[in-house]
Amino acid sequence: MSPTEIPVVVVGAGPAGFAAALQLRARGLPVTLLEAEPEDRVRPGSRALFVHQESLRLLDEASPGLAERIVRHGTVWPTKRTFYGGRQVFARTYPPAKPGRLPRFTSLRQIETERHLHAACLAAGVDITWGARVVTAVPDERGVSLGGAEGQTWRARYVVAADGAHSAVRKAIGIPWQGKRSEGFHVVVDIADRGPGAMPPERVFHYRHPALGGRNVMRVPFAGGFQVDLQCGQEDDVAEFAEPDAVRQWLPEVVDAKYADAVLWVSKYHYLHVVAESLVDTHRRVLLIGEAAHLFPPFGARGMNSGFADGSAAAEAVATALAAGGAAATKAVETFDHARGLAARYNSDAARTALSHMRPTSPLMRWRQRAAAALSPVIPRMGSWLEHAPYGPRAGATPSGKY
Ligand SMILES: Cc1cc2nc3c(=O)[nH]c(=O)nc-3n(C[C@H](O)[C@H](O)[C@H](O)COP(=O)(O)OP(=O)(O)OC[C@H]3O[C@@H](n4cnc5c(N)ncnc54)[C@H](O)[C@@H]3O)c2cc1C
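Calculation criteria
- Residues numbered from 1 in each chain as written.
- Predicted model: local features only at pLDDT ≥ 70, side-chain atom pairs only at ≥ 80, totals over all residues.
- Heavy atoms only, no water.
- Patch = residues over 30% accessible without salt bridge, like charges linked within 9 Å, V, L, I, M, F, W, Y side chains within 5 Å.
- Areas by Shrake-Rupley, 256 points an atom, 1.4 Å probe, with all protein chains shown as cover.
- Salt bridge = Lys/Arg side-chain N within 4 Å of Asp/Glu carboxyl O.
- Lys, Arg positive; Asp, Glu negative; His and termini not counted.
- Charge placed at Lys NZ, Arg CZ, Asp CG, Glu CD.
- Helix = DSSP H or I, 4+ residues; strand = E, 2+ residues; numbered from the N terminus.
- Buried < 20%, exposed > 50% of the residue type's maximum accessible area, 1.4 Å probe, protein only.
- Near = heavy atom within 4 Å.
- Polar contact = N/O pair within 3.5 Å; in protein donor to acceptor, adjacent residues only side chain to side chain.
- Nonpolar A, V, L, I, M, F, W, Y, C, P; charged D, E, K, R; others polar.
- 1 Å grid on protein atoms, 1.4 Å probe; cavity = no way out; pocket = protein on both sides within 12 Å on 5 of 7 lines; lining within 4 Å.
- Points joined across faces, edges and corners; volume = space filled by probe spheres on them.
- Pairing = 2+ DSSP bridges.
- Axes fitted to C-alpha atoms, helices over the stretch in contact; angles between N-to-C directions.
- Contact = heavy atoms within 4.5 Å.
- Arc of directions from axis to C-beta.
- Domains from an automatic or database assignment.
- Buried area = accessible area lost by both parts, 1.4 Å probe.
- Left-handed = near helix turned anticlockwise from the far one by under 90°.

> Would you mind showing me how to read a negative patch on the surface here?
Taken together, the side chains of Asp237, Glu240, Glu243 and Asp245 make up a negatively charged region of the molecular surface. Looking at the secondary structure, you find Glu243 in the loop between helix 6 (238-241) and helix 7 (244-250). Accessibility expressed as a relative area gives 41% for Glu243, which makes it partly exposed.

Right, here's the structure in full:
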């Protein structure tokens, strides 16, 4: 028996998939969301902390009140500091958002953001099937046939693939990555910190931390704790920095020793900067979003935030395509591909620029950073450059004005 045709299936209940499902519901479309993992899964770590104002606005458009719930849960760090070789070269404290306005960003663990997105999807009537791993996707002129790992079948007119970095849908439709892997690795440590005696909510970036052999270290607060990110080089030994025992050894060099007993999660990452060769299939029926479409190093917080913008653009394209049909439908999907492909390549280049600043390979860049640090007490612009460069060009700026 052939399966009933569904107007649109979203594959993957990560932040991008939840956002796309909400945006589709906001346009009045029934949505089936297929997720490989069970509903009671525990997703690891803080991962994407930073939810940009533009993302909050997009999410709130789709689900009024959602931004406020996320903001209420998150934290906004008012102060940013940058150090070079142990000496402060930049510090700024920002005023709080005006009452009734969205803050410039909010910071909370990705699992918490996902919890709010999941609840909003349920309230909006998204039909979520947990434990449904998609293994095949065959598009044709009229739609897409999906197959599940347990022999299930689905037939959709459009598929929004948000199944993450190892996207089975992207592979099934034969779209390769373009780009490469960054050198070295990062160790990311989540630390619980709340109540009296908690550290001030400051984001602190150390270039060439003297107690860690000149490696860069960043501390980023989130609601209920903070994340420490240690940047290791190609030649560094994973066991020496990324094993939990190793973390307990080096952590007291950058934060109070008491935090060695408050570690929630440790992970090691190699960063890729890759973009799918195309964000749509040749029949214009599958739209790739989020990490199914692109992977960036996290500096500049472009990963999850661009997934939200992708989800919104994909929903708009699918809604237009379903309403219009024919050539206008094809055009709507191609417009999505063009706009979000440009944004992905812009974000990828921006993250690469940021990374080349964080890991200078040229002696000239190293010299410029040293000189800027030396001059920063008399030329504040130099400290400001050191502060801003690790995030690449202005966050939120892409050719389409969104992440
Ligand atoms: C250390 C670190 C820090 C980061 N910090 C930031 C940050 O500050 N800001 C930011 O914006 N981003 C950040 N990111 C990136 C962010 O975590 C990712 O961009 C985000 O998780 C991607 O969301 P997604 O929905 O595209 O994919 P995922 O979160 O990977 O979700 C994919 C979903 O699809 C499901 N799935 C997979 N395969 C299938 C299948 N075959 N069938 C059905 N379901 C499937 C998975 O189970 C999962 O639920 C960070 C990442 C890391 C590693």
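> How should the site of the ligand be read in this particular structure?
Among the 35 residues in the neighbourhood of the ligand, the closest are listed as Glu35, Arg41, Gln110, Glu291 and Met304. One of the backbone N or O atoms of Leu49 is found 3.3 Å from an oxygen atom in the ligand. Between the ligand and Ala301, the relevant distance is 3.2 Å, taken from an oxygen atom to a main-chain nitrogen or oxygen of the residue. In the complex, the protein chains occlude 90% of the 1000 Å² of accessible area that the ligand would expose alone. When residues of the shell around the ligand are traced back to their parent elements, those giving at least two are helix 1 (15-26) and helix 8 (303-324). Ranked by residues supplied to the shell around the ligand, first place goes to helix 8 with three residues. Residue composition of the shell around the ligand, by class: 19 nonpolar, seven polar and nine charged.

> Any chance you could explain empty space enclosed by the protein here in plain terms?
The method is simple in principle: a probe with the dimensions of a water molecule rolls over the atoms, and the space it marks as empty is what remains. Tallied over the entire structure, the rule returns one cavity of 30 Å³ or more. Its boundaries defined by the atoms lining it, the largest cavity holds a volume of some 60 Å³. Lining the largest cavity, in full, are Val204, His206, Val217, Met218, Arg219, Val228, Val254 and Val255. Put simply, the parts of the chain that give the lining of the largest cavity at least two residues each are strand 13 (202-209) and strand 14 (215-222). Split into classes, the residues belonging to the lining of the largest cavity amount to six nonpolar, one polar and one charged.

> Please explain the sheet that holds strand 13 as it appears in this structure.
Strands in a sheet are paired, the pairing made by backbone hydrogen bonds, and the direction either parallel or antiparallel. Ordered by their spatial adjacency, seven strands build an open sheet running 5-4-13-14-15-12-16, and the pairing between neighbours is mixed. Two strands bound the open sheet, and with one partner strand each, they are strand 5 (87-93) and strand 16 (263-269). For this sheet, the mean angle separating the axes of adjacent strands, direction not counted, is 10°. In terms of strand pairing, strand 14 meets strand 15 (residues 225-232) through six bridges, oriented antiparallel. Paired with Phe222 across the bridge in strand 15 is Gly225. On the sheet, helix 10 (residues 363-375) packs against strand 4 (79-84), strand 5 and strand 13 and is oriented at approximately 115° with respect to strand 4. In this fold helix 11 (residues 380-388) packs onto strand 4, strand 5 and strand 13, with an angle of close to 80° to the strand it touches most, strand 5.

> I tried to follow helix 11 on my own but got confused; where do I start?
An α-helix turns once every 3.6 residues. As a result, residues three or four positions apart point the same way. Taken together, the buried positions of helix 11 are Gly383, Ser384, Leu386 and Glu387. Taken around the axis of helix 11, the buried residues stretch over an arc of 160°, which confines them to a single face. Residues of helix 11 that are buried make contact with strand 4, strand 5, strand 13, helix 9 (326-358) and helix 10.

> I keep staring at the domain arrangement of the protein chain and nothing clicks. Help me out?
Interfaces are often sized by the amount of accessible area the parts lose when they come together. Partitioning the protein chain into structural domains gives domain 1 (5-76 + 95-180 + 273-354) and domain 2 (185-269). On a C-alpha basis, the centroid separation for the pair domain 1 and domain 2 is 30 Å. The interface is formed by 12 residues belonging to domain 1 together with 13 residues belonging to domain 2. Carbon and sulfur atoms make up 65% of the area that domain 1 and domain 2 hide from each other, which totals about 910 Å². By the criterion of area lost to domain 2, the three top residues of domain 1 are Leu49, Arg109 and Phe299, representing 45% of everything that side buries. Summed over the shared surface of domain 1 and domain 2, the result is one salt bridge. Arg109 is paired through a salt bridge with Asp190; the nearest N and O atoms lie 3.0 Å apart.

> Would you take a moment to explain the layout of surface pockets for this structure?
Estimates place the volume of the second largest pocket at around 680 Å³. As for the second largest pocket, its lining consists of 27 residues, and the residues nearest its centre are Glu183, Met358, Arg359, Pro360 and Thr361. Elements that contribute at least two residues to the lining of the second largest pocket include exactly strand 11 (177-181), strand 13, strand 14, strand 15, helix 9 and helix 10. Per-element tally for the lining of the second largest pocket: the top contributor is helix 9, with four residues. Residues of the lining of the second largest pocket, tallied by class, amount to five nonpolar, 12 polar and 10 charged. Built from parts of two domains, the lining of the second largest pocket gets at least three residues from each of domain 1 (5-76 + 95-180 + 273-354) and domain 2 (185-269).

> So what exactly am I meant to see when it comes to the packing of helix 1 against helix 8 here?
Any two packed helices are characterised by the angle at which their axes cross and by the distance between the axes. At a minimum axis distance of 8 Å, the contact between helix 1 and helix 8 shows a crossing angle of 35°. For the crossing formed where helix 1 meets helix 8, the hand is right-handed. Counted together, Pro15, Ala16, Ala19, Ala20, Gln23 and Leu24 of helix 1 and Met304, Gly307, Phe308, Gly311, Ser312, Ala315 and Val318 of helix 8 form the full contact between these two elements. Split into classes, the residues belonging to the contact of helix 1 with helix 8 amount to nine nonpolar, four polar and no charged.

> Would you take a moment to explain unusual backbone geometry for this structure?
As a rule of thumb, non-glycine residues mostly have phi less than zero, and peptide bonds are mostly trans rather than cis. The phi torsion at Arg208 lies on the positive side, around 50°, for a residue other than glycine. Tracing the backbone shows Arg208 in strand 13.

> Which parts of the structure should I look at to understand the pattern of salt bridges?
Two side chains bearing opposite charge may form a pair once their charged atoms approach each other closely. According to the stated counting rule, one finds 19 salt bridges in the structure shown. A salt bridge links Asp140 to Arg155; the shortest N-O distance between them is 3.0 Å. Of the two residues, Asp140 is situated in the loop between strand 8 (134-139) and strand 9 (144-148) and Arg155 in strand 10 (residues 153-161); the sequence distance between them amounts to 15 residues. In this structure, the salt-bridge partner of Asp236 is Arg215, at a minimum N-O distance of 2.8 Å. Taken together, the residues Asp236 in the loop between strand 15 and helix 6 and Arg215 in strand 14 connect sequence positions 21 residues apart. The class for Asp236 is buried, based on a relative accessible area of 12%. Members of the salt-bridge network, linked through shared partners, are Glu5, Asp140 and Arg155.

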